[in-house]
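Working through the structure, step by step
Take a look at the letters that make up each chain.
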Amino acid sequence: MKDSFEPELAQWQAAQRMRVRRQVAPAVAPAELGPDDEALRGTTYLIDGQQRLSFGSNDYLGLSQHPALMAAAHAAIDRYGVGATASPLVCGHSPAHEALEAELAALVGLPRALYFYAGYAANVGAIPALVGRGDAVFSDALNHACLIDGIRLSRAELNVYPHGDLAALAQALQASKAQRKLVVTDAVFSMDGNVVDVPALLALCERHDAWLMVDDAHGFGVLGAQGEGTLSHQGIAGRAGVAPAWQGRVDRLIHMATLGKAAGVAGAFIAGHPAMVEWVMQKARTYMFATAAPAVVAESLRAALRVMQDEPQRRAHLQTLRQRLREGVEAARLPWTLMPSETAIQPLVIGSNADAMQVMAALDAQGVWVPAIRPPTVPEGTARLRISLSAAHTLGQIDRLVAALAQAAAG
Ligand SMILES: *Cc1c(COP(=O)(O)O)cnc(C)c1O
């Protein structure tokens, strides 16, 4: 082990790729926050013991410490205890899970939903349930790692098309002789923040008799009038059901979204035609051979779905913060640019790994935490600060970030 891995680690370190975990905890326990320090909730953390204003979480709606979710969690523990005790197909599926699935399906306007304990597990389980040898999968070049792992596990033929290039995708679909064709894409790309054109993709899949799987990890909760996500934002389906223009046309769609980001808790779901969902439940190995998420998670999520719908001002505030950041960055004439993004993900491209690390350190020294994202997560030469906004942030906190960036640029 020493001979194998110490040199590998040294090389890794030399390439500026070494990752370290930081110990992160709320600066003030959420249960102890007074009215004067509400701005700390979901924004300010002790990071390795140092207080920092954080732009690193995927807690886009600021629900991870929301009192309604915390109250639901306490009540669920009193009702169910803490452990699910078995896989959902044995005895880990509770009334809380059943209700959550019905509420998820109703929110996204699709007939049925299946809850998984993690998004990683949903993708790695669902894709091999849907396709196998002799089938073909068409995958956007920037797809999330767990989609790629799911495709590999399926043993279907993998065709990667250039990011967002629907003409190249159309050609590949046309050329394929596979029995079943599945197009797989992120709805919102996690390191760029841009949104795909789902209506165009669905229309393309109709023409080539392909299925479409959309991973809405970063759109769910953030986009759509009720937080339904990208499909609602683009007029396909949402709380009000399937839009008239898409009636009868969503059966080829596999909708997936995660619940540990904007929904503030943990897990994920797939939704779509009831027969597809039933088949995934029967076949997905990550569903069958893993202990269910505890009922406390399901009940916390049910509270999250209520807040998402009852507090639309969270999404409106997020858009106000986004505008403030973009205007602030422009006015500060920074040497770096924000990628175009209408979501909570606002990446600032720096370039080299070393420069990105340096800017991150300069911000850190000013009490502001923004994670640098480096290859292989993003392409070489595009290391960036992944600024992630949350409805928990205040306008003043955005101004503080912009001032810290200006200072970092000057230094
Ligand atoms: C985070 C993420 C996942 C994984 O979800 P987890 O619940 O964190 O396992 C899947 N797909 C995308 C696009 C993601 O960003």
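Residues numbered from 1 in each chain as written. Predicted model: local features only at pLDDT ≥ 70, side-chain atom pairs only at ≥ 80, totals over all residues. Heavy atoms only, no water.

It is worth spelling out the packing of helix α5 (residues 119-130) against helix α10 (residues 274-283) at this point. Put simply, α5 and α10 touch, their axes get as near as 9 Å, and they point 110° apart. The angle between α5 and α10 falls in the class roughly perpendicular. Contact with α5, carried on its side by Ala 126, Ala 129 and Leu 130, involves Met 276, Trp 279, Val 280 and Lys 283 of α10 and no other residues of that element. Residues that form the contact of α5 with α10 fall into these classes: six nonpolar, no polar and one charged. (Axes fitted to C-alpha atoms, helices over the stretch in contact; angles between N-to-C directions. Helix = DSSP H or I, 4+ residues; strand = E, 2+ residues; numbered from the N terminus. Parallel < 35°, antiparallel > 145°, perpendicular 65-115°, else oblique. Contact = heavy atoms within 4.5 Å. Nonpolar A, V, L, I, M, F, W, Y, C, P; charged D, E, K, R; others polar.)

Residues Val 183, Phe 220, Leu 385, Ile 387 and Leu 405 are the most contacted members of the largest nonpolar core, which totals 96 residues. Per element, the largest residue contribution to this core is ten residues, and it comes from helix α12 (residues 295-310). Here this core spans two domains, and each of domain 1 (18-54 + 312-410) and domain 2 (69-310) adds at least three residues to it. In contact with Leu 405, not counting residues within four places along its chain, are Val 329, Leu 334, Trp 336, Leu 348, Val 359, Leu 363, Leu 385 and Ile 387. Residues Phe 116, Leu 147, Ala 156 and Val 277 belong to the second largest nonpolar core, which totals 26 residues. (Core = buried A, V, L, I, M, F, W, Y, C linked by side-chain atoms within 4.5 Å. Buried < 20%, exposed > 50% of the residue type's maximum accessible area, 1.4 Å probe, protein only. Domains from an automatic or database assignment.)

UniProt records the feature "binding site: substrate" (unreviewed entry) at Arg 19, His 144 and Thr 377, using the numbering of this structure. Under the relative-accessibility criterion, His 144 is labelled partly exposed at 29%. Not counting chain neighbours up to four residues away, the residues in contact with His 144 comprise Asp 186 and Ser 190. Residue placement: Thr 377 occurs in the loop between β16 (372-373) and β17 (383-388). A relative accessible area of 41% places Thr 377 in the partly exposed class. Leave out the neighbours within four places in its chain, and Thr 377 touches Arg 19 and Met 191. There is a polar contact of 3.3 Å between the side chain of Thr 377 and the side chain of Arg 19. (UniProt positions renumbered as here; feature names shortened; annotations may be inferred. Polar contact = N/O pair within 3.5 Å; in protein donor to acceptor, adjacent residues only side chain to side chain.)

With respect to topology, four strands assemble into an open sheet ordered β13-β14-β17-β16, the strand pairing being antiparallel. Either end of the sheet is taken by a strand with one partner, and the two such strands are β13 (337-338) and β16. Where β16 lies against β17, two bridges are found, and the strand directions are antiparallel. When the bridges of β17 are listed, Ile 373 appears paired with Arg 384. Contacting β14 (345-351), β16 and β17, helix α14 (residues 353-365) runs over the sheet at an angle of about 35° to β17. (Pairing = 2+ DSSP bridges.)

Our focus in this paragraph is unusual backbone geometry. The omega angle of the peptide bond from Pro 375 to Pro 376 is 10°, so this bond is cis rather than trans. Structurally, Pro 376 can be placed in the loop between β16 and β17. For Thr 85, which is not glycine, the phi dihedral falls at a positive 75°. Here Thr 85 shows up in the loop between α2 (67-80) and α3 (88-92).

Turning next to the sheet that holds strand β2 (residues 44-47). Pairing within the open sheet is mixed, and its four strands lie in the order β1-β2-β3-β15. With partners counted over all chains shown, the strands left at the sheet margins are β1 (24-26) and β15 (368-369), one partner each.

A few words on the packing of aromatic side chains. The full count for this structure, using the stated rule, is two aromatic pairs. Taken together, a centroid distance of 5.3 Å and an interplanar angle of 70° make the contact between Phe 116 and Tyr 287 edge-to-face. Of the two residues, Phe 116 is situated in strand β4 (residues 112-116) and Tyr 287 in helix α11 (residues 285-288); the sequence distance between them amounts to 171 residues. Classification of Tyr 287 as buried rests on a relative accessible area of 5%. Over the aromatic face of Tyr 80 sits the side chain of Arg 79, whose NZ or CZ is 4.6 Å from the ring centroid. Sitting over the face of the ring of Trp 246, Arg 249 holds its NZ or CZ atom 4.1 Å from the ring centroid. (Phe/Tyr/Trp six-rings, centres within 6.5 Å; stacked < 30°, edge-to-face > 60°. Lys NZ or Arg CZ within 6 Å of the ring centre and 35° of its normal.)

This structure, assessed with the given rule, holds 13 salt bridges. The residue Glu 380 makes a salt bridge to Arg 17 at a minimum N-O spacing of 3.0 Å. Taken together, the positions of Glu 380 in the loop between β16 and β17 and Arg 17 in the loop between α1 (2-14) and β1 put the pair 363 residues apart, joining distant regions of the chain. Judged by its relative accessible area of 59%, Glu 380 falls in the exposed class. Look at Arg 17 and you get buried, because its relative accessible area is 18%. Through salt bridges with shared partners, a single network forms among Glu 103, Glu 299 and Arg 302. (Salt bridge = Lys/Arg side-chain N within 4 Å of Asp/Glu carboxyl O.)

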